[in-house]
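Breakdown of the fold
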Amino acid sequence: MKIIIHGGFFSESLTNQEVKQAKQEALSGIVQLGYKHLQTHTALETVVYTVRLLEDCELFNAGTGSQIQSDGKIRLSAALMDGKTQRFSGVINIEDVKNPICVAEKLQQYDDRVLSGKGACDFAIENGHAYYNPETPQRRREYEQKLSDSIRLGTVGCVALDMHGNLAAATSTGGKGFEMPGRVSDSATTAGNYANAFAGVSCTGVGEDIVSGSVAAKIVTRVTDGMPLMAATEKTLEEMKPYDGFAGIIGITADGQIYHSDTHPYMVWALHDGEVEVFN
Ligand code: ASP
């Protein structure tokens, strides 16, 4: 059993040691809870549980504490992929819910599994998700100070391998911050979140770059065709260089390879495979 999580990239982490330490402590606590959950639950159940904890932690740009878009609203995207069934489900630009990953989980049962905008919001209400404003005073201050020129990324993600050898991946984001309404993140696409019977991958970074590189699906496909996870990840990141792509990756394979990498060394992440490791 193994679990790896990320808390995205943080511009604050470069300059503010206190913020960085708080994020590391949060990741360390959450990866331990996720690993405990994995002892008695499937990979799919565990990635939902763990991403939900990350969404509820306002240090991260997902769920509570998400970035505000250029028109002053918060829109959330989240996706879930079960490696066993190869079912992808997700919500794109949903508003006023606490845990978009739980809406994505519900959609696993449906024929129509990726919903956007109003359709996603209506589906959440119909399924008992109460109105919730994910804004925090800190994000409002940042929005009002018009910090749109700094990179302020902090998507969350989780990949888990359970006791049955099954994999799952989940990713959740508030987006890039200050984006145009209607902009679609990579997080609820197969470029940002992908899993099959061989590997699972969750990405963070600039969504446009990740979609252009078809990153998560490409890494998983390379592993499926026999490449080790490290080589598959590095080759895929190398292919982003011509357009200066910005991405961070976490992944696990069915045979237990676990790996993370980033084009810019600022992704915060943690793993648990019996022992906890927290980095950056
Ligand atoms: N990938 C996310 C997006 O572009 C942002 C992030 O990873 O922080 O929407």
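About the criteria used
- Residues numbered from 1 in each chain as written.
- Predicted model: local features only at pLDDT ≥ 70, side-chain atom pairs only at ≥ 80, totals over all residues.
- Heavy atoms only, no water.
- Helix = DSSP H or I, 4+ residues; strand = E, 2+ residues; numbered from the N terminus.
- Buried < 20%, exposed > 50% of the residue type's maximum accessible area, 1.4 Å probe, protein only.
- Contact = heavy atoms within 4.5 Å.
- Areas by Shrake-Rupley, 256 points an atom, 1.4 Å probe, with all protein chains shown as cover.
- Lys, Arg positive; Asp, Glu negative; His and termini not counted.
- Charge placed at Lys NZ, Arg CZ, Asp CG, Glu CD.
- Near = heavy atom within 4 Å.
- Polar contact = N/O pair within 3.5 Å; in protein donor to acceptor, adjacent residues only side chain to side chain.
- Nonpolar A, V, L, I, M, F, W, Y, C, P; charged D, E, K, R; others polar.
- UniProt positions renumbered as here; feature names shortened; annotations may be inferred.

- The protein chain appears in an unreviewed UniProt entry as Isoaspartyl peptidase from Mucilaginibacter oryzae.

**What about the overall build of the protein chain?**
- A tally of helices and strands in the protein chain yields nine helices and 12 strands.
- For the protein chain, the C-alpha atoms occupy an extent of roughly 50 × 45 × 35 Å along the three principal directions.
- Counting the 280 residues in the protein chain, one finds 56% classified as buried.
- By sequence separation, contacts in the protein chain at least 24 residues apart represent 68% of the contacts at least 6 residues apart.
- Total accessible area computed for the protein chain in this model is approximately 11400 Å², and 51% of it derives from carbon and sulfur atoms.
- Positive and negative side-chain charges in the protein chain, numbering 24 and 35 respectively, have mean positions lying 2 Å apart.

**Some details on the side chain of Thr-173**
- If you trace the backbone, Thr-173 turns up in strand S6 (residues 167-173).
- Discounting residues that sit within four places of it in the chain, Thr-173 has contacts with Asn-61, Ala-62, Arg-75, Leu-76, Ser-77, Thr-155, Ser-185 and Ser-187.

**Topic: the site of the ligand**
- In the region of the ligand, 13 residues are neighbours, and Thr-155, Arg-183, Asp-186, Thr-204 and Gly-205 sit closest.
- One of the backbone N or O atoms of Gly-205 is found 2.7 Å from a nitrogen atom in the ligand.
- Computed on the free molecule, the ligand has an accessible area of 270 Å², of which 100% lies beneath the protein chains in the complex.
- Here the shell around the ligand is built from residues that sort into two nonpolar, eight polar and three charged.

**A closer look at the UniProt feature "active site" (unreviewed entry) in the protein chain**
- UniProt marks Thr-155 with the feature "active site" (unreviewed entry), using the numbering shown here.
- Mapped onto the fold, Thr-155 is located in the loop between helix H6 (137-144) and strand S5 (156-161).
- Excluding residues that lie within four positions of it along the chain, Thr-155 makes contacts with His-6, Gly-7, Gly-8, Asn-61, Thr-171, Ser-172, Thr-173, Ser-187, Cys-203 and Thr-204.

**A few points about unusual backbone geometry**
- Although it is not a glycine, Asp-96 adopts a positive phi angle of roughly 60 degrees.
- By the secondary structure assignment, Asp-96 is in the loop between strand S3 (87-94) and helix H4 (100-107).
- One non-glycine residue, Asp-244, lies in positive phi territory at about 55 degrees.
- Assignment of secondary structure puts Asp-244 in the loop between helix H9 (229-238) and strand S9 (247-253).
- Here Asp-244 falls in the exposed class, since its relative accessible area comes to 58%.

**Some points on the UniProt feature "binding site: substrate" (unreviewed entry) in the protein chain**
- As annotated by UniProt and renumbered to match this structure, "binding site: substrate" (unreviewed entry) occupies Arg-183, Val-184, Ser-185, Asp-186, Thr-204, Gly-205, Val-206 and Gly-207.
- Along the chain, Arg-183 falls in the loop between S6 and strand S7 (193-195).
- Discounting residues that sit within four places of it in the chain, Arg-183 has contacts with Asn-93, Gly-175, Lys-176, Gly-207 and Glu-208.
- The topology assignment puts Gly-205 in strand S8 (residues 199-205).
- Gly-205 gets classed as buried once you look at its relative accessible area, which sits at 8%.

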